[in-house]
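# Coordinate inspection notes
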Amino acid sequence: QVQLVESGGGLAQPGGSLRLSCAASGSIVSISTVGWYRQPPGKERELVVANTSNGLTNYADSVKGRFTLSRDNAKNIVYLQMNNLKPEDTAVYYCHAFIVTKITARNYWGQGTQVTVSS
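In short, a report on the structure. (Residues numbered from 1 in each chain as written. Predicted model: local features only at pLDDT ≥ 70, side-chain atom pairs only at ≥ 80, totals over all residues. Heavy atoms only, no water.)

## Side note on the overall build of the protein chain
Scanning the protein chain from terminus to terminus reveals zero helices and eleven strands. Summarising its shape, the C-alpha atoms of the protein chain cover approximately 45 × 25 × 25 Å along the three principal directions. Across the 119 residues in the protein chain, those meeting the buried criterion constitute 39%. Restricting the contact set of the protein chain to residue pairs at least 6 apart, pairs at least 24 apart contribute 56%. (Helix = DSSP H or I, 4+ residues; strand = E, 2+ residues; numbered from the N terminus. Buried < 20%, exposed > 50% of the residue type's maximum accessible area, 1.4 Å probe, protein only. Contact = heavy atoms within 4.5 Å.)

## Things to note about the sheet that holds strand β3 (residues 18-25)
One open sheet holds the four strands; their spatial order is β1-β3-β8-β7, and the pairing between them is antiparallel. Of all strands in the sheet, those bounded by a partner on one side alone are β1 (3-7) and β7 (67-72). Put simply, the sheet's adjacent strands are angled 15° from each other on average, direction ignored. Here β1 pairs with β3 via five bridges, running antiparallel. By the bridge assignment, V5 is partnered in β3 with A23. (Pairing = 2+ DSSP bridges. Axes fitted to C-alpha atoms, helices over the stretch in contact; angles between N-to-C directions.)

## Quick notes on the packing of aromatic side chains
For the structure shown, the criterion picks out one aromatic pair. Here R19 stacks its cationic end above the ring of Y79, 4.3 Å away from the centre of that ring. Taking the ring centre of Y108 as reference, the NZ or CZ of R106 above it sits at 3.8 Å. (Phe/Tyr/Trp six-rings, centres within 6.5 Å; stacked < 30°, edge-to-face > 60°. Lys NZ or Arg CZ within 6 Å of the ring centre and 35° of its normal.)

## Topic: the side chain of T113
Here T113 shows up in strand β11 (residues 113-117). On the basis of relative accessible area, T113 is assigned to the buried category, the value being 10%. Beyond its immediate stretch of four places on either side in the chain, T113 contacts E6, G9, L20, A91, V92 and Y93.

## A closer look at the state of the cysteines
Under the definition given, this model contains one disulfide. Between C22 and C95 runs a disulfide, and the two sulfur atoms are separated by 1.9 Å. Its S-S torsion of approximately 50° makes the covalent link between C22 and C95 right-handed. Highlighted residues: C22 in strand β3 and C95 in strand β9 (residues 91-100), separated in sequence by 73 residues. For C22, a relative accessible area of 3% corresponds to the buried category. Among the residues examined, C95 registers a relative accessible area of 0% and is labelled buried. (Disulfide = S-S within 2.5 Å.)

## What to know about the pairing of strand β4 (residues 30-39)
Two strands pair when backbone bridges link them, and β4 and β9 are joined in this way by eight bridges, in the antiparallel orientation. In the strand pairing of β9, W36 is matched with C95. Alignment of β4 against strand β5 (residues 46-51), held across five bridges, turns out to be antiparallel. Considered in β5, the bridge of V34 is made with N51. The antiparallel hairpin formed by β4 and β5 contains six residues in its connecting segment, where G42 sits at a positive phi of about 75°.

Listed below in structure tokens is the structure:
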């Protein structure tokens, strides 16, 4: 059973920073594409950043220069470092990964973690 467990959300001041983590566990053979999405209150889910299978990292224009995706492949953890946070960054953040096991190959999603940016 594969799970993605997110942590690191919370309240931050405008201009502050948070780091989200997403840990994958289970009988994992390989992980290719990983990324982060977010869903602001009352809005649709949107791409934040994706690290594709060809090694490219694509950031949404709204977070370029402020957010950074990184991976700890040995521990199967993906991080989202969020700097210079803005109120419009307030959302539920979801990690995503395409994961191959011995019997499946499909997309997985974390449970979501709330990020609130407010003074």
